[in-house]
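# Coordinates in review
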Amino acid sequence: MTSTKLDMSCRVCGSRDVELFLDLGDQPHCNRLIPPEMADRREPFFPLRTGFCRACTLVQIDHTIPKEDMFSDYPYVSGTTRTLVAHFAETSARLVERYGLSETDLVVDIGSNDGTWLKQYRPFGLRVLGVEPAANVVALARAAGVPTENAFFNKETAERVLAEHGQASLMTAAGVFFHLEELHSVVEGIKVLLKEDGVFCVQAIYLGGMIENTAFDQIYHEHLCYYTLRSLEELFRRHGLEVFDVSVVPIHGGSLEAHVGWAGRRPASDAVHALRAEEERRGYGRIETYQAFAENVWRLKRDLLDVLEAARRDGKTVYCYGAPAKGATLLNSFGIDTRLVQLATEKSPLKFGKMIPGARIPIVDEATVPPPDAYLVLAWNFLDEFLGKERRFLEGGGQFIVPVPRLRVVTAADLPATVRETAAARL
Ligand SMILES: [Zn+2]
């Protein structure tokens, strides 16, 4: 395989030795849905190239869309996904118990969205504060009674929060840590705000899960970095922080939950040692692993296009089931547009009437259109929830085309087996 260096410095260690392994072509900003009034204008496209740092093993994209363009108005609202709400409820109860938190303790959530996670601390009476850059979701959080700073979290914001609210016993960040353009300032801010014996709990999509599931659709411009335990440890080590415990949780098809404290405060758990060894064994520190991942992506493309072309030849209707950001990556990387998939159905009113960028597939209220012959399931990580909800659709002869972790066409006949299989894949 030919070797190509990306023209960049690694986002964690600064090395110039970042090797391209997956080029998904030029793509629009995937969360910038196209409103009707913009339908006749072409949206901007940006390179989506993924590289591996040979020095610190971080996987990252090279092109940064400025954060102000991406997060000042954000269409993704956590509270609309039941699976996610249940996940946050479980996590908050676990953290409160494990770290013995009480009424005097402050919890700060970075990228707090509509306050879905912080609301879960209410039964425990803790002080909470969200930090969230998107004004539209800050308004939702405040309306729901969750105190929220409308700002990007970084060192300056941390100093301001510290002066106003004091040190945090617990800091959290879910689904945002790979977004961060000001990565080092954010980590410095955590060090500034966190009590010496406090804990930062970070949940991020786990690169190991992406590789094992061929989940390349997690790659999009918002996600600048893709972490293994090893690369996450490299990052925190630079700022006097240390991962002392870790687990891989099923949300988003495999997320890393790392517990981080001041360096030297707590010994690394058995789970940290075990995951380090597992990553070594699986080759997550070697470029060849990522080159093989890229080959799997291009094989998936061929297989999925075969299924969709066959459906088109048979005159079947195919709609996207939901319009998640990750869906745009898959559609645009594989060149899927309205020729193969006519509509996307959604339950988030913020998305109705808009189009998926690039692919230009119209997004409609799921309650207003009759079901198609088949749904293309873009948010495959919530498949269990969808199977429960759409049992009647499948029993009525409908199909789910599920591209990831491997291409499957799910019908009513497959239902019990599929549920078992999905449960097994989480272990
Ligand atoms: Zn590096």
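Note: the structure precedes this text.
Below, the structure is looked at part by part. (Residues numbered from 1 in each chain as written. Predicted model: local features only at pLDDT ≥ 70, side-chain atom pairs only at ≥ 80, totals over all residues. Heavy atoms only, no water.)

### Brief notes about the coordination of the zinc ion
Every protein donor of the zinc ion is accounted for by C10 (SG), C13 (SG), C53 (SG) and C56 (SG), and the metal-donor separations fall at 2.3 Å. Geometry at the zinc ion is tetrahedral, judged from its four donor atoms and the angles of 103 to 114° they form at the metal. Counting residues between consecutive donors of the zinc ion along the chain gives the motif C-x2-C-x39-C-x2-C. Judged by relative accessible area, C10 falls into the buried class, the value being 5%. Since its relative accessible area comes to 23%, C13 is described here as partly exposed. (Donors = N, O, S within 2.8 Å, 3.2 Å for Na, K, Ca; no water. Tetrahedral: all angles 85-135°; square planar, octahedral: opposite > 155°, others 65-115°. Buried < 20%, exposed > 50% of the residue type's maximum accessible area, 1.4 Å probe, protein only.)

### Observations regarding the environment of H165
The residue H165 is located in helix α5 (residues 155-165) in this model. The class for H165 is partly exposed, based on a relative accessible area of 28%. Taking C-alpha positions, H165 is 26 Å from E90, a pair spaced 75 residues apart along the chain. Ignoring any residue separated from it by four or fewer positions in sequence, one finds H165 in contact with L106, R127 and L129. (Helix = DSSP H or I, 4+ residues; strand = E, 2+ residues; numbered from the N terminus. Contact = heavy atoms within 4.5 Å.)

### A look at the packing of aromatic side chains
Applying the stated criterion across every chain, the model contains 12 aromatic pairs. Pairing F88 with W117 gives two aromatic rings, centres 4.8 Å apart and planes at 15°, and the pair type is stacked. Highlighted residues: F88 in helix α2 (residues 82-98) and W117 in helix α3 (residues 116-119), separated in sequence by 29 residues. Across the pair, exposure class does not vary: F88 and W117 are buried alike. With 5.1 Å between their ring centres and 25° between their planes, F216 and F334 make a pair best called stacked. Taken together, the positions of F216 in the loop between α7 (207-213) and β9 (225-226) and F334 in helix α11 (residues 325-334) put the pair 118 residues apart, joining distant regions of the chain. Feature note: the residues Y321, Y375, F386, F393 and F400 constitute an aromatic cluster, connected by ring pairs. One cation-aromatic arrangement involves K191 over W262; the distance from NZ or CZ to the ring centre is 4.5 Å. Lying across the ring of F244, R266 places its NZ or CZ 4.8 Å from the centre. (Phe/Tyr/Trp six-rings, centres within 6.5 Å; stacked < 30°, edge-to-face > 60°. Lys NZ or Arg CZ within 6 Å of the ring centre and 35° of its normal.)

### As for the pattern of salt bridges
One pass over the full model with this rule turns up 23 salt bridges. Among the ionic pairs, E196 bridges to R265, the shortest N-O distance being 3.5 Å. You can see E196 sitting in strand β8 (residues 194-205) and its partner R265 sitting in the loop between β11 (255-262) and α9 (270-282), a full 69 residues away along the chain. On the basis of relative accessible area, R265 is assigned to the partly exposed category, the value being 42%. We note a salt bridge from E385 to K347, for which the minimum N-O separation is 3.9 Å. Of this pair, E385 sits in helix α12 (residues 383-389) while K347 sits in the loop between β13 (343-346) and β14 (355-356), placing them 38 residues apart in sequence. E385 sits in the buried class, given a relative accessible area of 15%. Look at K347 and you get partly exposed, because its relative accessible area is 40%. Because the salt bridges share partners, they merge into one network encompassing E212, E278, R281 and R282. (Salt bridge = Lys/Arg side-chain N within 4 Å of Asp/Glu carboxyl O.)

Nothing here speaks to function; it is all geometry.
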